[in-house]
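Here is how the chains run, residue by residue.
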Amino acid sequence: MLFSEEERYVRANDRPFNLSHNYANNAIRTSKYNIFTFLPLNLFEQFRRLANAYFLFLLLLQLIPQISSLSWFTTAVPLILVLAMTAVKDASDDINRHKSDRQVNNRMVNVLIDGELRNEKWMNVQVGDVIKLESNQFVTADLMLLSSSEPLNLVYVETAELDGETNLKVKQALTLTGEMGDCIKDLSAFKGEVRCEPPNNRLDKFKGTLTVNGQNYGLDNDKILLRGCTLRNTEWCFGLVLFGGPDTKLMQNSGKTKFKRTSIDHLMNILVLCIFGFLFTLCFILAIGNVIWEVKEGSPFTVFLPREPGVNAALSSFLSFWSYVIVLNTVVPISLYVSVEVIRLGNSFFINWDRKMYYPKNDTPAQARTTTLNEELGQIKYIFSDKTGTLTQNIMAFNKCSINGKNYGELYDFSGQRVEITEKSQKVDFSWNKLADPKFTFHDHSLLETVRDGDPEAQAFFRLLALCHTVMPEEKKEGELNYQAQSPDEGALVTAARNFGFVFRSRTPETITMMEMGEKVTYELLAVLDFNNVRKRMSVIVRSPDGKMTLYCKGADTIIFERLDRSCKKLMKVTTGHLNEYAGDGLRTLALAYKHLEESYMEEWIQRHHEATTALEGREERLDQLYEEIERDMILLGATAVEDKLQDGVPHTIEQLAKADIKIWVLTGDKQETAENIGYSCNMLREEMKDVFIVAANTTEGVKQELQYARRKMCPGAAEEPTVTKVRAGLFWLKKMETVQDEKVEGEYGLIINGHSLAFALEKDLELELLRTACMCQTVICCRVTPLQKAQVVELVKKYKQAITLAIGDGANDVSMIKAAHIGVGISGQEGMQAVLSSDFSFAQFRYLQRLLLVHGRWSYLRMCKFLQYFFYKNFTFTFVHFWYAFFCGFSAQTVYDEWFIALYNLVYTCLPILSLSLFDQDVNDRWSFQYPQLYSPGQLNMYFSKKSFVRCMMHSCYSSLVLFFIPWGAMHDTVRDDGRDLADYQSFALLAQTCLLVVVSAQLCIDTYYWTTVNQFFVWGSLAAYIAITLTMYSNGTFLIFTSIFPFIGTARNSLNQPNVWLTIFLASLLCILPVVALRFILIQIRPTINDKVRYKMQMEAPPAPAPRRPVRRVSTRRSGYAFSHSQGYGALVTSERFLFKRPLKSLLAFSIQTDLPLATNQAKLFRPIPEEIEGSQSSQS
């Protein structure tokens, strides 16, 4: 059958048909190599690095005797060492990936094959197979749900691996397939055909059609179980495999791991290319010099030293060129790359070992999963963060409430001052209530006293909370209640009522049973007026045992207050003040009201409601009128304040990062009210901001107008068109880059944009307008965004801002964003680990981010920059001395130093001191780093290492090399020893020049070191001692006698170092090199001190700062409401459906959203009558 390649076509229980389409099976492979491809592929990848290819070329040159002035092993040994270290590291990483793949692929699952269930490995599962899952099993592949053990064909899944959320979600099979149940015969005979979308990474959407017996049934995301989910509270379910292995949405979100390189890596590539050009220029100059010398001065020497046959001046010059390429190759020694990897690895271990980033509750340490990005942590400009599970714990806590004008939930001391509630604060004792939830905590004892004293308003308040909801109870043992709520908000409110004596015990479609202050009371449930995003409220109508009918309503205060009786004006004013306080504290608020109903009115209302629901025209309008009519003239009871619990230290962390001039954007799938509330809780949105703009238009033109309005208000004088600077960058300057310049804005602003508006804003015509407007704001919150949009926002900033970005999240929906950013951070310790597996760094709590950036990141960047500056300085100085010496040795490519000194200079004499500085140095300690987050700013501006600083480093090296060559040369010229013997020989000069060089570069290192440790001292003095010991040994008589041809400098050290003028020369050369550096730094600190200089001076003069005590600050919000409710519409039908309870009356239900075959999404009251089967069937066929 012909079908589009952009469509998946699956036939149930028909392996030959499905295999003919070559769909991927369920095996996954994340490894890069196998045993045969490892060596060639790994070497190919390594030699793609410019430096490795260069050193291989150099090694080949050294194998040619005519041009080799140095032994081949001086390059071969370090090159093999580097290649071997990298290969071992890559092999280790890939072995771990192989182990992980095998572990997953060898999991077992029941597969329906040839009419029977067989236990098969995951990797053997094929598209089109029917599989059986049991409770607490991982979902094997992306499945279409067929049937389950639960009523209404529901299943409950935990999606922590996908979105980091630990609360359960509800999925529901079609009624048609649900009727098969667990009948193997029916399931084997099922021949349904599915046409659906091709593999993609959209976790929240699915489109497809099931065809059975010529009838089409719509498939959406609520009929699909995704790989990575875990089946919970469901005995069994059957599913049809639609996507396997690499085609599943989980693996599609993982994608290919991008090879990330730091900005310093990119800069080093450009600098190394420039150095190569500079090296060949020097060699060309010296080759020209060789020609001139050979023609003018070399001819007379041919009498004593004849040229080899066929060698003339031109050929001699050509060979001289390549000889000098070998001699001067130390401008880019291979030890540079070895040292860089060692430094990065060491700083990664410091992150892993940091006990202040260890989370003991989950036994989770911080982990540097990628060891090559440490210094980039010190240059972050933009942070993109998920909300749920990253900033918040996804736990709701009943925090405060206002009842009849009185505020509860605060603690005050004897003087009436507000006291901060901590873990040590005394908790309310609920031991009198045997059904109380032991995990619930509250600290204001006066509220319990008010309820127990029989206050009617307080009791009505908690009675409303215990009745007006869609929570399902589960009571496995007597007295052990477990609430399963559609939203965590509802669970928190019902739990609060439970602890204060109004215990929701059980429900049927017609009744709600409660324990009110120890007495069992059953209410008749007459109707549920369900929540939706337009109504922003929910009501229930109940009849109490004494026959009274009451409407209980909860919702957004702005909505409820419009529907109150006039008698509530005074109470409303007081409650509004409390609500403003709650909103200022970032709490999520709801207002509560009730209304007593007359029997005759209710009978008439139900009749009119029935007529409205059966009307063919104007149904929605008539229903809206009925709701408005009955939810009117209500009596205000009070308001609740629920805390969407932030992770510890989140507001303080965000405040610190903002002081470091890091901009934080929140990209969340949550709805606007929730995201906005968290923004205020985290101190990202503040009352002091001049304005918070909300972009929520549904058209391209509307979004453009809203963005332009915001931009013009923030920066009235800005040009209408953005200023885009186009430059060339990268290797060979082939990469075209566009940069949108930052625009100055007075005051702070915030921007909130919805996902549907963001889709328009990310289009080519509007993306620059979005970027300009967003970057003018201090805080940006994008809500209702898809995983793809998260990555698009990150890519947009990367493309036009040329700034370093970091993305942090905890679920599979954050993976694309984590991989798109320069640095990805995963929150570990939760059950969802998909983000961690794709991240570069991971830890358990968001608050550790400030330590990762402000301490480890800043230190790593500072250390790497110091290392590069010093390394280039010491090697250019070393090499330039060769260049000056060429003018005195007839451009013969003779080395100025002993060959062994050349081999050991980078590997022994100068290696360990600079490594110790690069691992342990710190300008200020961690406390001062936190005290002054502004210390982070230089890294964002690339102030410590750039092309300019590299040029300065070269100029410094040029000056030092002139001193180190000409001072010893002048001092040694025509000099004699004390006994009159000649001292001015080549070997004595070589010894003096190399000793001066080593002393100077060691002194320079000491000047650059801010933080001295025992290790630094040992390596600096130890390296100098090692030089003296090795030199005296190699230049001794004994060594010469044993290895005559290898160690020719016999007696040089003994004859030279016992002369006072040699030591004086060393002192003079060192002084002339070091004194200008010290003087210049002193002048700069006096005239233009940096932020580092100021803080270091302060650190020397003052004691270390103590952590500032954080006192509670009363913030009163001018926002009208802190309303945010994560409830979804269409849940009332389930709790009022008789079919829902016909199997297991007390089964748990927990979800954020649900779309079922029932008419759940209709805007109508849910009465207690059962849902007719005909309606259910018609909905299935239409969907």
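Calculation criteria
Sequence order as written defines residue numbering, which begins from 1 separately in each chain. Where local features are concerned, this predicted model is filtered to residues with pLDDT of at least 70; where side-chain atom pairs are given and counted, the filter is 80 or more; whole-chain, interface and lining totals use all residues. Derived side-chain values reflect all non-hydrogen atoms in the structure, with water molecules and hydrogen atoms excluded from consideration. UniProt positions are given in the numbering used here, feature names are shortened, and annotations may be inferred rather than shown by experiment. Three exposure classes are used, based on accessible area relative to the maximum for each residue type with a 1.4 Å probe and protein chains only: buried under 20%, partly exposed in between, and exposed over 50%. For the purposes of this entry, the term helix denotes a DSSP run of H or I that reaches at least four residues, the term strand denotes a run of E that reaches at least two, and both are numbered from the N terminus. Strands are treated as partners if at least two bridges between them are detected by DSSP. Between N-to-C directions, angles cover 0 to 180 degrees, with each direction set by a line fitted to C-alpha atoms, over the stretch in contact for helices. Residue contacts are defined here by distance: any two heavy atoms, one from each residue, within 4.5 Å place the two residues in contact. Comment on the angle field: the value is read as roughly parallel under 35 degrees, roughly antiparallel over 145, roughly perpendicular from 65 to 115, and oblique elsewhere. By the definition used in this description, the sense in which the near helix is turned from the far one sets the handedness, with an anticlockwise turn below a right angle giving left-handed and a clockwise turn giving right-handed. Residue type decides the class: Asp, Glu, Lys and Arg count as charged, Ala, Val, Leu, Ile, Met, Phe, Trp, Tyr, Cys and Pro as nonpolar, and the leftover types, Gly among them, as polar. The pLDDT score gives, residue by residue, the confidence of the prediction method on a 0 to 100 scale.

As recorded in an unreviewed UniProt entry, the chain goes by Phospholipid-transporting ATPase and comes from Crenichthys baileyi. Per UniProt, the comment on the chain under Sequence similarities (unreviewed entry) is "Belongs to the cation transport ATPase (P-type) (TC 3.A.3) family. Type IV subfamily." Quoted straight from UniProt, the Cofactor (unreviewed entry) entry for the chain says "Mg(2+)".

Draft legend 1. Spotlight on the pairing of strand β34 (residues 779-783). Within β34, 5 of the 5 residues are buried, leaving the element largely enclosed by the surrounding structure. Every second residue of β34 is oriented toward a common face, with T779, I781 and C783 on one face and V780 and C782 on the other, all of them buried. In this structure, strand β29 (residues 663-667) lies alongside β34, joined through 4 bridges in parallel fashion. Pairing of I664 across the sheet is with T779, part of β34.

Draft legend 2. Representation of the sheet that holds strand β14 (residues 367-368) in the model. The 9 strands are arranged β14-β37-β36-β35-β15-β29-β34-β33-β30 in an open sheet whose pairing can be described as mixed. Across the chains shown, the open sheet's two edge strands, defined by having one partner strand only, are β14 and β30 (691-695). Note that β14 and strand β37 (residues 841-843) share 2 bridges and pair antiparallel. What sits directly across from A368, in β37, is F841.

Draft legend 3. Representation of the sheet that holds strand β6 (residues 154-158) within the structure. The antiparallel open sheet is built from 3 strands, whose spatial order is β7-β6-β12. The two strands at the open ends of the sheet, each matched to only one other strand, are β7 (168-172) and β12 (230-232). Averaged over all neighbouring strand pairs, the angle between strand axes comes to 45°, with direction disregarded. Here β6 pairs with β7 via 5 bridges, running antiparallel. Within the sheet, the bridge partner assigned to Y156 lies in β7 and is V170.

Draft legend 4. Structural detail: helix α29 (residues 911-920). Extensive coverage of α29 is indicated by the burial of 8 of its 10 residues. Every buried residue belonging to α29 is among C911, P913, I914, L915, S916, L917, S918 and L919, and all of these are buried. Contact partners of the buried residues in α29: α11 (335-353), α27 (848-886), α28 (899-909), α33 (986-1008) and α34 (1014-1034).

Draft legend 5. Inspection of the environment of L50 at higher detail. By the element assignment, L50 lies in helix α3 (residues 50-62). For the pair L50 and L273, spaced 223 residues apart in sequence, the C-alpha separation works out to 8.6 Å. When near neighbours in sequence (up to four residues on either side) are disregarded, L50 contacts L273 and F276.

Draft legend 6. A look at the pairing of β29. Of all the 5 residues making up β29, 5 are buried; the element is thus mostly covered by neighbouring parts of the structure. Residues K663, W665 and L667 line one face of β29 and the alternating positions I664 and V666 line the opposite face, and both faces are buried. Alignment of strand β15 (residues 380-385) against β29, held across 4 bridges, turns out to be parallel. Opposite F384, over in β29, you have W665 as the bridge partner.

Draft legend 7. Just the packing of α29 against α34, in detail. It is the contact of α29 with α34, at a shortest axis distance of 8 Å, that shows an interaxial angle of 165°. When the axis of α29 is compared with that of α34, the two are roughly antiparallel. Crossing of α29 over α34 shows left-handed handedness. Residues L912, P913, S916, L917 and F920 of α29 form the contact with α34, whose own contacting residues are V1015, N1016, F1019, V1020 and S1023. Its residues placed into classes, the contact of α29 with α34 shows 7 nonpolar, 3 polar and no charged.

Draft legend 8. Examining the environment of Q137 more closely. By the secondary structure assignment, Q137 is in the loop between β4 (130-134) and β5 (142-148). Along the chain, Q137 and V109 lie 28 residues apart, while their C-alpha atoms are 8.9 Å from each other. When near neighbours in sequence (up to four residues on either side) are disregarded, Q137 contacts M108, K132, C229, T230 and L231.

Draft legend 9. Quick look at the confidence of the model for the chain. When pLDDT is averaged along the chain, the result is 83, and 87% of the positions lie at 70 or above. Ranking the helices and strands of the chain by mean pLDDT puts strand β13 (residues 236-243) first, with 95, and helix α40 (residues 1173-1182) last, with 35. For the stretch residues 1140-1183, pLDDT sits under 50, and the model shows 149 contacts to residues farther than four places along the chain or on other chains.

Draft legend 10. Layout of the side chain of N1092. Take N1092: it is sitting in helix α38 (residues 1091-1101). Residue classification places N1092 among the buried positions, given a relative accessible area of 8%. With residues near it in sequence (within four places) discarded, N1092 still touches R858, D923, L935, P938 and Y944.

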